[in-house]
Amino acid sequence: MLQGDPQVRFASTARLPNIAVLQHLWRTRGAGSWFLGAGVGITRTVPKYVAAIAAKDLMESWLPQPSSANVQGAATLRSATKSVVAGTVGAVLTNPLDVLQNEMFKTEERVGACLKRLCKEEGARWLFRGCRQNIVASALPIAATIFLTDTFAGWRAASRG
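The structure displayed is predicted, hence computed values, not measured ones. (Residues numbered from 1 in each chain as written. Predicted model: local features only at pLDDT ≥ 70, side-chain atom pairs only at ≥ 80, totals over all residues. Heavy atoms only, no water.)

A. Representation of the layout of surface pockets in the model. Space inside the largest pocket adds up to approximately 320 Å³. Lining of the largest pocket is provided by 15 residues; of these, Gln72, Ala75, Thr76, Asp150 and Gly154 occupy positions nearest its centre. Where the lining of the largest pocket is concerned, the elements lending two or more residues are helix 3 (71-93) and helix 6 (131-160). Considering every element that reaches the lining of the largest pocket, the biggest residue donor is helix 3, with seven residues. Residue classes in the lining of the largest pocket are distributed as six nonpolar, six polar and three charged. (1 Å grid on protein atoms, 1.4 Å probe; cavity = no way out; pocket = protein on both sides within 12 Å on 5 of 7 lines; lining within 4 Å. Points joined across faces, edges and corners; volume = space filled by probe spheres on them. Helix = DSSP H or I, 4+ residues; strand = E, 2+ residues; numbered from the N terminus. Nonpolar A, V, L, I, M, F, W, Y, C, P; charged D, E, K, R; others polar.)

Okay, here's the thing in structure tokens:
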């Protein structure tokens, strides 16, 4: 919405650029502009993590338990596998909501109008637009979170003996 906007070049010279942009938005578009896309953002974040955790739990039951030969290495590989799969599932399933939110930011449309326009202009193609990039941008942090949680839980369990 504001990237590259010549009206907002002042922000780069302001002492507090974020505050300057918020003030500009308030004056030019009203306080509601601060929250454009927030509903979609929340609506996409919760299902993304719910889907990721469900996939992680499913992978937990499908993947074989580490053998006694190389428990640490096998456990790390198992954790990495379920983390990457979980992150990817969460990112792919919620990709349409990410596209919708990005379009709302670009066009300043409300959810319904934006959804209607996307369906009319692109049919079902918009549902998959940017999915590859979204997997990198969304799946990686989710996978890292799950992997590190497993790692820390393993360390904690090992220290308790």
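B. Main features of the packing of helix 2 (residues 38-62) against helix 4 (residues 95-107). For the pair helix 2 and helix 4, interaxial distance at closest approach is 9 Å and the crossing angle is 160°. Accordingly, the angle class assigned to the pair helix 2 and helix 4 is roughly antiparallel. Judged by the sense of rotation from one axis to the other, the crossing of helix 2 with helix 4 is left-handed. Contacts from Val40, Gly41, Thr43, Arg44 and Lys48 of helix 2 reach helix 4 at Leu97, Asp98, Leu100, Gln101 and Met104. Residues that form the contact of helix 2 with helix 4 fall into these classes: four nonpolar, three polar and three charged. (Axes fitted to C-alpha atoms, helices over the stretch in contact; angles between N-to-C directions. Parallel < 35°, antiparallel > 145°, perpendicular 65-115°, else oblique. Left-handed = near helix turned anticlockwise from the far one by under 90°. Contact = heavy atoms within 4.5 Å.)

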